Amino acid sequence: MACFLRLLGSGGLLILLLLLSFSARATHIVGGEMDLQYVSGNNYQLTLTLYFDAINGSPGALDNDLTAGIFDKATNGSMQNVVLPLVENTYVAYTNPACTSPSLSTRKLVYRSVVQLSPNVYTGAQGYYVAVERCCRNNGISNIVRPGESGQTFYLEFPAVLRNGQPFRDSTPRIFPPLSDYACLGELFYYDFGGQDPDGDSLVYELATPLNGYSSTRVPKPATATSAPYPTISWGPGRSEQSQIPGAPTLTINRRTGRLEVRPTQLGLFVFGIKCSEYRNKVKIGETRRDFQLKVITCPTNADPTITAQAQLGNATYLPGRDTIRLVPGGNPCVRLRFTDADNASALSLSLQPVNFTGPLPSISLLQGMVRATGMPDTLISQLCFPTCFDTKGQVYYLNVIVADNGCSLPKRDTVQLAILAQPAPTHTPELTSVPTLMQDNNTPLVIRVAPGSVYEANLTATDADNDPLTLTAAGTGFDMAAAGMSFVPTNGKGRATGVFRWEASCSVALLQQMEVTFRVQESTCYPQPQVQVVRFEVVSPDTLAFLPPNIITPGNHDGKNDEFTLPTLPPDFCDNRFANIKIFSRWGNEVYSSADRNFRWDGGGRPAGVYFYLIEYTNKRRFKGMLTLAPAYQ
């Protein structure tokens, strides 16, 4: 019994090893790519995005980590190996979830790590490359030889991190949209595979034969990547780099945008490869490769939607290539659109695509609608209206108006290209005038001084020769107008606007010293030229009389003149600057008189004749000092 158990244990172990071996080499790879992003200092983030067949792929082939090798392009010498742990495992969504196929499901696996690229090491003029090798591809692939035994090499190139003694920062292109959709036999398939470059470098796309590398069914996951050159996959009969998928036309990619197109003529699962080259100042500095696969199935018939535009005058159909929409001041800025679909219950949507310009786009009154369903029309009518200030600057702008249906696998579309020539009407500069107190050179602030407790008012008027709508405003610079006792009430209108400015000056704003208010008139036109007038307001002291205190009094002669020491011209109280007291001293410094009454009267108080001194103080510590002679009495 013990011997039987041992044999069973050995057999069980053998079966387990066979299962593990089968799982590790199970066919599962859909495609993927790498990117290298600068982080900071000498640190870069290396990411491998691998797409995994979630239906046919064995769970045992889902790796928890993969190893990337970095090599010198000039020598193919190994620089370092980087272990990339699995950090993300999600499903790839369909472009249209309603088109989901039970035979197609893809996982997105993200492997990522931070790697150091020292400027003392990575200085090679030819740059470097990164590679990850893994086997195997799907058994059912139709366009390559022995697909189940074919591996994949994920590959990218990057430049030296130091050039001419200076840091050379580069992040490779990234964010290539994943492909989860299928293609329909005999129908045009399109997809935007364009990436984004964080440095603004130029990207050029081209078809490429996928790399096989050195992984195999025997060694599906090499411990380290082998250096280049890497063997490529073997194309099947009739297939090549420029004819990867059977089609009419075959697979193509736009060199500038990365847009894929193919009209497949055979059912099956097809691998394809893309190379994205990165250029800076017209010099190639890097390269990223992507492998993927496209499944072609038979789909229900889906008719193309159609769209037509009608000329601005009458109901004549707009003819692309012959007609031009001319937008003139006061004319009709809108174009009528008609779009439909022969299919029943088809949801249609409109979109706009500028061809040779950027800037504000026209508005569409109907973005989406249903045709040929119960109670629904067979044709949708929309209106495309251009902005009032749409200006083509003397050139013809081209705008694609696109209608798309909700068919599977991807929407079918129809496009009408509009040629537009538009120039807004010329405009005159509005004029800002006011009451005479505000008439001054606009480049020089006008100064208005007002005593506290006073009220200042000004009426402003603005006119425009084009009768454009005018708006008058007033704004304080660095202060709140309402808190300062200021108000501005505008009456805006076409060709004319008026406003009343009012200021109740008070002591509460006296400490602000000066307050600048900007009066502005703005016209509602395509090329507004606002006019402004800056006015500086100040609260000033009412102290306008000369302060001339007497320097002698003669109380003893009883002639009614200069009998008392009074100060009728004493500076008046001004906000917090108020009279505090007066003190009179003898020539020896003894105080002989004081009063807190600004209307005081001193007749000498029986003091002997001679010279005395006075000190007047205000609450803001302002002082007046002087000498006063008390004349002797006449006998």
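Parameters and conventions
Residues numbered from 1 in each chain as written. Predicted model: local features only at pLDDT ≥ 70, side-chain atom pairs only at ≥ 80, totals over all residues. Heavy atoms only, no water. Helix = DSSP H or I, 4+ residues; strand = E, 2+ residues; numbered from the N terminus. Rg over C-alpha atoms; globule rule 2.2 N^0.38 Å. Buried < 20%, exposed > 50% of the residue type's maximum accessible area, 1.4 Å probe, protein only. Contact = heavy atoms within 4.5 Å. Areas by Shrake-Rupley, 256 points an atom, 1.4 Å probe, with all protein chains shown as cover. Lys, Arg positive; Asp, Glu negative; His and termini not counted. Charge placed at Lys NZ, Arg CZ, Asp CG, Glu CD. Pairing = 2+ DSSP bridges. Core = buried A, V, L, I, M, F, W, Y, C linked by side-chain atoms within 4.5 Å. Polar contact = N/O pair within 3.5 Å; in protein donor to acceptor, adjacent residues only side chain to side chain. 1 Å grid on protein atoms, 1.4 Å probe; cavity = no way out; pocket = protein on both sides within 12 Å on 5 of 7 lines; lining within 4 Å. Points joined across faces, edges and corners; volume = space filled by probe spheres on them. Nonpolar A, V, L, I, M, F, W, Y, C, P; charged D, E, K, R; others polar. Salt bridge = Lys/Arg side-chain N within 4 Å of Asp/Glu carboxyl O. Disulfide = S-S within 2.5 Å.

Looking now at the overall build of the chain. Counting its regular elements, the chain contains 1 helix and 39 strands. Since a compact globule built from 635 residues should have a radius of gyration of about 26 Å, the 44 Å found for the chain marks it as more spread out than a globular shape. Expressed as lengths along the three principal axes of its C-alpha atoms, the size of the chain is roughly 155 × 80 × 60 Å. Taking all 635 residues of the chain together, 44% fall into the buried category. A sequence separation of at least 24 residues applies to 67% of the contacts in the chain between residues at least 6 apart. Accessible area of the chain: about 32,000 Å², with a carbon and sulfur share of 52%. Between the centroid of the 51 positive side chains of the chain and the centroid of its 52 negative side chains there is a distance of 5 Å.

What follows concerns unusual backbone geometry. In this chain, Cys 135 is followed by Cys 136 through a cis amide linkage whose omega measures 20 degrees. Looking along the chain, the bond that leaves Ala 228 and enters Pro 229 is cis, with omega of 5 degrees. Locating Pro 229 in the fold gives a position in the loop between strand E12 (202–207) and strand E13 (252–253). The phi dihedral of Lys 282 is positive, around 70 degrees, even though this residue is not glycine. Take Lys 282: it is sitting in the loop between strand E15 (268–280) and strand E16 (283–297). Of note, the phi angle at Asn 562 is positive, near 55 degrees, even though the residue is not glycine. Secondary-structure assignment places Asn 562 in the loop between strand E35 (552–553) and strand E36 (579–585). You can call Asn 562 partly exposed: its relative accessible area is 46%.

Let's shift gears to the environment of Lys 494. Position of Lys 494 among the secondary structure elements: in strand E31 (residues 493–494). We classify Lys 494 as exposed; its relative accessible area is 62%. Along the chain, Lys 494 and Thr 463 lie 31 residues apart, while their C-alpha atoms are 8.7 Å from each other. Residues in contact with Lys 494, not counting those within four places in the same chain, are Asn 467, Asp 468 and Pro 469.

With 6 bridges connecting them, E36 and strand E38 (residues 610–618) associate as antiparallel partners. In the sheet register, Lys 583 faces E38, and the bridge partner there is Leu 615. Judged from the 8 bridges that link them, E38 and strand E39 (residues 623–630) form a sheet pairing that is antiparallel. Paired with Val 611 across the strands is Thr 629, a residue of E39. Connecting E38 to the next strand, E39, in antiparallel fashion are 4 residues, including Lys 621 with a positive phi near 70 degrees.

Membership of the largest hydrophobic core comes to 29 residues, with the highest contact counts inside it found for Tyr 456, Met 486, Phe 501, Trp 503 and Phe 537. Residue assignment for this core shows that the elements contributing at least two residues are strand E27 (446–450), strand E28 (455–463), strand E29 (469–476), strand E30 (486–491), strand E32 (496–504), strand E33 (514–523) and strand E34 (531–539). Apart from the residues lying within four places of it in its own chain, the contact partners of Phe 501 are Tyr 456, Glu 457, Ala 458, Met 481, Met 486, Ser 487, Phe 488, Phe 519 and Phe 537.

Bringing the side chain of Asn 400 into the picture now. Mapped onto the elements, Asn 400 comes out in strand E24 (residues 397–404). Asn 400 sits in the buried class, given a relative accessible area of 11%. At a separation of 2.9 Å, a polar atom in the side chain of Asn 400 contacts the side chain of Gln 417. Look past the residues within four positions of Asn 400 in its chain and what remains in contact with it is Ser 351, Leu 352, Gln 353, Val 355, Thr 415, Val 416 and Gln 417.

On to empty space enclosed by the protein, then. Tallying each qualifying case throughout the model produces 6 cavities of 30 Å³ or more. Roughly 100 Å³ of volume is contained in the largest cavity. Around the largest cavity, the lining residues are Tyr 182, Ala 183, Cys 184, Glu 187, Leu 188, Phe 189, Pro 300, Asn 302, Cys 408, Ser 409, Leu 410 and Lys 412. Looking at the lining of the largest cavity residue by residue, the classes come out as 8 nonpolar, 2 polar and 2 charged.

So, on to the sheet that holds strand E23 (residues 379–385). Reading across from one edge, E17-E19-E23-E21 is the order of the 4 strands in this open sheet, with antiparallel pairing throughout. Strands with a single pairing partner mark the edges of an open sheet, and in this sheet they are strand E17 (306–310) and strand E21 (363–364). Pairing analysis gives 5 bridges linking E17 to strand E19 (residues 334–340), with the strands arranged antiparallel. By the bridge assignment for E19, Thr 306 is matched with Thr 340.

Summed over the entire model, instances satisfying the criterion amount to 23 salt bridges. Glu 149 is paired through a salt bridge with Arg 146; the nearest N and O atoms lie 3.7 Å apart. The network of salt bridges with shared partners includes Asp 170, Asp 199, Asp 201 and Arg 280.

Moving on, we get to the state of the cysteines. Under the counting rule described, the total for this entry stands at 3 disulfides. Across the disulfide, Cys 135 is cross-linked to Cys 136 (sulfur-sulfur distance 1.8 Å). The chirality of the disulfide connecting Cys 135 with Cys 136 is right-handed, given an S-S dihedral of about 90 degrees. A sulfur-sulfur distance of 2.0 Å marks the disulfide that ties Cys 334 to Cys 385. Across the S-S bond of Cys 334 and Cys 385 the torsion is about 105 degrees, and the bridge reads as right-handed. Here Cys 385 lies in strand E23 and Cys 334 lies in strand E19, a separation of 51 residues in the sequence.

Taken together, the 5 strands give an open sheet; going across it, the order is E27-E34-E33-E29-E31, and neighbouring strands pair in mixed fashion. At either end of the open sheet lies a strand with only one pairing partner, and these are E27 and E31. As defined by bridge partners, E27 adjoins E34 across 5 bridges and the pair is classed as parallel. Bridge assignment links Val 447 to a residue of E34, and that residue is Arg 536.

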